[in-house]
Amino acid sequence: MELTKREHDVVTNIWGDETPTDLRQIDTEQLITMHDRVSKAIQASYKDDDVESLGILLPLEEKIVQVLHERL
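Below you will find a few notes about this structure. All figures in this text were calculated on a predicted structure; none of them were measured in a lab.

## Quick word on the overall build of the protein
Consideration 1: The helix and strand inventory of the protein stands at three helices and zero strands.
Consideration 2: Listed by position from the N terminus, the elements making up the protein come as α-α-α.
Consideration 3: At 12 Å, the protein has a C-alpha radius of gyration in line with the 11 Å of a compact globule built from 72 residues.
Consideration 4: Judged by the C-alpha coordinates and their principal axes, the protein covers about 30 × 25 × 15 Å.
Consideration 5: Put simply, the protein has 72 residues, and 36% of those count as buried.
Consideration 6: Considering only intrachain contacts with a sequence separation of at least 6, the fraction spanning at least 24 residues in the protein is 49%.
Consideration 7: For the protein, the centre of its 8 positive side-chain charges and the centre of its 16 negative side-chain charges are spaced 1 Å apart.

Below is the structure:
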């Protein structure tokens, strides 16, 4: 599951430049941690009515969930 440039920028700001653009290359534990942080950021964005951030974070969360679901 490839990340868009904007999604990858968000992820690398949190986890560093070494984060792959394909979520399938990230181990499960890191994806779970990533999902938790993205979910918290989504909650904060809703609270702040930050539509721009939601436009990035919601699709990112969906991609993370899809990759985790594939691993079940």
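## Regarding helix 3 (residues 51-70)
Consideration 1: A rise of 1.5 Å per residue sets the reference length of helix 3, with its 20 residues, at 28 Å; its end C-alpha atoms lie 29 Å apart and thus fit the reference within 8%.
Consideration 2: Buried within helix 3 are the following residues: L54, I56, L57, L60, E61, K63, I64, V67 and L68.
Consideration 3: Where helix 3 is buried, its residues meet helix 1 (5-15) and helix 2 (28-48).

## Focus on the nonpolar core
Side chains of a nonpolar character, in soluble globular proteins, are inclined to be buried together.
Consideration 1: L23, L31, M34, V38, L60 and I64 are the most contacted members of the largest nonpolar core, which has 15 residues in total.
Consideration 2: Listing elements by their share of this core, those giving two or more residues are helix 2 and helix 3.
Consideration 3: Looking at this core, the element that brings in the most residues is helix 3, giving six residues.
Consideration 4: In this structure, L31 is in contact with L23, I26, I64, V67, L68 and R71, ignoring residues within four places of it in sequence.

## Here's the deal with the pattern of salt bridges
Consideration 1: One pass over the full model with this rule turns up four salt bridges.
Consideration 2: For K5, the salt bridge goes to D9, with nearest N and O atoms at 3.2 Å. Here K5 and its partner D9 are both found in helix 1, four residues apart, which amounts to about one turn of the helix.
Consideration 3: Overall, the relative accessible area of 32% leaves D9 in the partly exposed class.

Conventions we followed
- Residues numbered from 1 in each chain as written.
- Predicted model: local features only at pLDDT ≥ 70, side-chain atom pairs only at ≥ 80, totals over all residues.
- Heavy atoms only, no water.
- Helix = DSSP H or I, 4+ residues; strand = E, 2+ residues; numbered from the N terminus.
- Rg over C-alpha atoms; globule rule 2.2 N^0.38 Å.
- Buried < 20%, exposed > 50% of the residue type's maximum accessible area, 1.4 Å probe, protein only.
- Contact = heavy atoms within 4.5 Å.
- Lys, Arg positive; Asp, Glu negative; His and termini not counted.
- Charge placed at Lys NZ, Arg CZ, Asp CG, Glu CD.
- Expected span 1.5 Å × (residues − 1).
- Core = buried A, V, L, I, M, F, W, Y, C linked by side-chain atoms within 4.5 Å.
- Salt bridge = Lys/Arg side-chain N within 4 Å of Asp/Glu carboxyl O.

As far as function goes, none of this settles anything; it's purely spatial.
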